[in-house]
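Summary of the model geometry
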Amino acid sequence: MFIKRIFPLKAVFVWSKRYIFLFLILGIIPVFLFEVVGLKWLHVPWLPLGVLGTAVAFITGFKNNAAYDRLWEARKIWGGIVNTSRSWTIMVKDFITNDHSNLSKSDEELFLIKRELVHRHVAWLTALRYQLRKDKPWELHLRARHSAMDIRNSKYPVFEDEIPIEDVIRDYISEEEFKSVFAKSNQASQLLGIQSKRLKQLKEDGLIDNFRHMEMSNALVELYTLQGKCERIKNFPYPRQFATLNYIFVWAFIILIPFGIMEEFESFGDKILVLLDKTELKHTIRYQIQETIARHFVWFSVLFSALISWVFHTMEAIGEVSENPFEGSPNDVPITDLSRSIEIDIRQLIDDTNIPNPYEWKNDIVM
């Protein structure tokens, strides 16, 4: 997630520079054939091309709206995870007592139980974000197309790629739980299952009464629900038939744009020549420069076709990099930072020790 008010123009240029050069080449080729080779028939009427551009704009706008909905829903889900994590910790802190227990626990023993439940919740957060960072087949092409891998190591860190999940999660759960969790495919679900089993044990020991057990179980159900919503976004992509057709339509429009505006620019150059013929200063350098520009005014269509192509391509690319909000690009939901913030918050609530510091991010990109 980029955290400054305005995205820097330099970053935009770096992100799209290879396409800018491509659009310039696509604009030069038809103008060369039209102006130098003399293929004056080599153009497309502007009216049908304008209709095509309007259709492409609508289709691209539909895709961008859908991609933004996926991104915003993902952020709302993680907002729910933040709130439910705090609620869970408050219940752990206040509901686990000796009030209904025949075997009274010391304050130290009660603290260790509470820390165990909170640490296991941090392990769940860790397992969930690692699962969400795993690459999907429809995500891999994004990093190649938009040069994310080129800037990834130097511009921003993705800790899930650098540090194995086993090394991170081992400090929060016992060795027995560690082996049990990693024997299964969905580590996050297993950790919530262990939490539920542990709550049952605490209820049987009298450390939690029936009502409080029900409330804490409901919190675990809510965490399961939020996890399922994340998995739905992660495992079900924006429909590829829409994404593919949108991509094809945009590039068809980009290729045709230079052929559609050449004649318009040539006509504008002819109008300039007509105006110049009416002037009396035909032997001045200023007149000769203007006449030369007017006779070759069609070459200005290269810049304008490249600009139009860049706008449409960038609109399509923005939607594409937004449709997968967990893959680990600079525009994604910052689940790594959110997880660390939650960990600090809930561990401070129970007066835990050795609490980690917030992550330090660089280049105004929070992951």
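The residue numbers shown here count from 1 along each chain, following its written sequence. Restriction of local features to residues with pLDDT of at least 70 applies here, the model being predicted, together with a cutoff of 80 or more for giving and counting side-chain atom pairs; totals for whole chains, interfaces and linings are based on all residues. By convention in this description, side-chain values take in all heavy atoms of the structure and omit both hydrogens and water.

Some details on the overall build of the protein
Each helix is a run of DSSP H or I of at least 4 residues and each strand a run of E of at least 2, with the numbering of both proceeding from the N terminus. Helix and strand counts for the protein stand at 14 helices and 0 strands. Counted from the first residue to the last, the protein has its helices and strands arranged as α-α-α-α-α-α-α-α-α-α-α-α-α-α. Radius of gyration (C-alpha) of the protein: 30 Å, far over the 21 Å computed for a compact globule of 367 residues. If you line up the protein on its principal axes, its C-alpha atoms span 110 × 40 × 30 Å. Here the term buried applies to any residue with accessible area under 20% of the maximum for its type, exposed to any over 50%, and partly exposed to those in between, with areas from a 1.4 Å probe on protein chains only. The proportion of buried residues among the 367 residues of the protein is 44%. Should any heavy atoms of two residues lie within 4.5 Å, those residues are considered in contact. Counting contacts in the protein only where the partners sit at least 6 residues apart, residues at least 24 apart contribute 82% of the total. Counted charges follow a simple rule, with Lys and Arg positive, Asp and Glu negative, and His plus the chain ends left uncounted. By convention, the charge on Lys lies at NZ, on Arg at CZ, on Asp at CG and on Glu at CD. Across the protein, 44 positive and 46 negative side-chain charges occur, with their mean positions spaced 2 Å apart. In this treatment the radius of gyration is a C-alpha quantity, and the globule benchmark scales as 2.2 Å times the residue count to the 0.38 power.

Quick look at helix α14 (residues 335-349)
Take the number of residues in a helix, subtract one, and multiply by 1.5 Å to get its expected span. With 15 residues, α14 should cover 21 Å at 1.5 Å per step; its first-to-last C-alpha distance of 21 Å lies within 8% of that length. Within α14, 11 of the 15 residues are buried, which leaves it mostly tucked inside the rest of the structure. Buried residues of α14: Ile335, Thr336, Asp337, Leu338, Ser339, Arg340, Ile342, Glu343, Ile344, Ile346 and Arg347, and no others.

Notes on the nonpolar core
Grouped burial of nonpolar side chains is what soluble globular proteins tend to show. Residues Trp78, Ile81, Trp88, Ile96, Trp124, Leu191 and Phe326 are the most contacted members of the largest nonpolar core, which totals 51 residues. Broken down by secondary-structure element, the contributors of at least two residues to this core are α2 (46-95), α3 (107-133), α7 (165-169), α8 (175-181), α9 (187-204), α10 (210-235) and α14. With 12 residues, the top contributor of residues to this core is α3. Excluding its chain neighbours within four sequence positions, the residues that come into contact with tryptophan 124 are Ile81, Ala188, Leu191, Leu192, Leu223 and Gln227. Residues enter a nonpolar core if they are buried and are Ala, Val, Leu, Ile, Met, Phe, Trp, Tyr or Cys, with the set joined through side-chain atoms within 4.5 Å. Core analysis: the second largest hydrophobic core is formed by 14 residues, Tyr19, Val250, Ile257 and Ala306 among them.

Observations concerning the packing of aromatic side chains
Two aromatic rings from Phe, Tyr or Trp, using only the six-membered ring of Trp, form a pair when their centres are within 6.5 Å; if the ring planes differ by under 30 degrees the pair is stacked, by over 60 it is edge-to-face, and anything between is tilted. Tallied over the entire structure, the rule returns 13 aromatic pairs. Relative to phenylalanine 300, the ring of phenylalanine 297 has its centre 4.9 Å away and its plane inclined at 40°; by these criteria the two rings are tilted. Look at phenylalanine 297 and you get buried, because its relative accessible area is 14%. Relative accessible area serves as the criterion here: at 35%, phenylalanine 300 is assigned to the partly exposed category. Of the aromatic side chains, those joined through ring pairs into one cluster are Phe265, Phe268, Phe297, Phe300 and Phe304. Taking the ring centre of phenylalanine 178 as reference, the NZ or CZ of arginine 170 above it sits at 4.0 Å. Lysine NZ or arginine CZ positioned within 6 Å of the ring centre and within 35 degrees of the ring normal marks a charge as sitting over the ring.

Quick look at the packing of α3 against α14
Only the stretch in contact is used when fitting a helix axis, every axis being a line fitted to C-alpha atoms; angles between N-to-C directions are given from 0 to 180 degrees. In contact at an axis separation of 10 Å, α3 and α14 are set at 180° when each is read in the N-to-C sense. The angle between α3 and α14 falls in the class roughly antiparallel. Contacts between α3 and α14 involve Val118, His119, His121, Val122, Leu125, Arg129, Leu132 and Arg133 from the first element and Ile335, Thr336, Ser339, Ile342, Glu343, Ile346 and Arg347 from the second. Here the nonpolar group is Ala, Val, Leu, Ile, Met, Phe, Trp, Tyr, Cys and Pro; Asp, Glu, Lys and Arg are the charged ones; every other residue, Gly included, is treated as polar. Residues belonging to the contact of α3 with α14 are distributed by class as follows: 7 nonpolar, 4 polar and 4 charged. Should an angle lie under 35 degrees it is considered roughly parallel, over 145 roughly antiparallel, and from 65 to 115 roughly perpendicular; all remaining angles are considered oblique.

So, the packing of α3 against α10
For the pair α3 and α10, the least separation of the axes is 10 Å and the interaxial angle reads 10°. As far as their axial angle goes, α10 and α3 are roughly parallel. The handedness of the crossing between α3 and α10 comes out as right-handed. Touching His121, Trp124, Leu128, Gln131, Leu132 and Arg133 of α3 are Leu223, Gln227, Cys230, Glu231 and Lys234, all from α10. Handedness of each helix crossing follows the sense of rotation of the near helix against the far helix: counterclockwise by less than a right angle gives left-handed, clockwise gives right-handed.

Overview of the side chain of histidine 119
Tracing the chain through its elements places histidine 119 in helix α3. For histidine 119, a relative accessible area of 12% puts it in the buried group. Here a polar contact is taken to be a pair of N or O atoms separated by no more than 3.5 Å, where protein atoms must pair a possible hydrogen donor with a possible acceptor and residues adjacent in sequence count only if both atoms sit in side chains. For histidine 119, the side chain forms a polar contact with the side chain of aspartate 352, separated by 2.6 Å. The residues contacting histidine 119, other than those within four sequence positions of it, are Asp171, Tyr172, Arg347 and Asp352.

Things to note about a nonpolar patch on the surface
Each patch is built from residues that are more than 30% exposed by relative accessible area and take part in no salt bridge. Like charges join if they lie within 9 Å; nonpolar side chains (Val, Leu, Ile, Met, Phe, Trp, Tyr) join within 5 Å. Each accessible area is a Shrake-Rupley result for a 1.4 Å probe, and residues are judged covered by the shown protein chains and nothing else. By convention in these notes, a salt bridge is any Lys or Arg side-chain nitrogen within 4 Å of a carboxyl oxygen on Asp or Glu. Taken together, Ile285, Ile289, Ile293, Phe300, Leu303 and Phe304 make up a surface patch of nonpolar side chains, about 590 Å² in accessible area. Those elements that provide at least two residues to the nonpolar patch are α12 (285-295) and α13 (300-322). Mapped onto the elements of the fold, leucine 303 is located in helix α13.

Brief notes about the environment of glycine 80
Tracing the backbone shows glycine 80 in helix α2. Look at glycine 80 and you get buried, because its relative accessible area is 17%.

Quick notes on the confidence of the model for the protein
Counting all residues, the mean pLDDT for the protein is 85, and 94% of those residues have values of 70 or more. A low-confidence stretch, residues 141-150 (pLDDT under 50), is modelled with 25 contacts involving residues beyond four sequence positions or located in other chains. One number per residue, pLDDT, summarises how confident the predictor is, and it ranges from 0 to 100.

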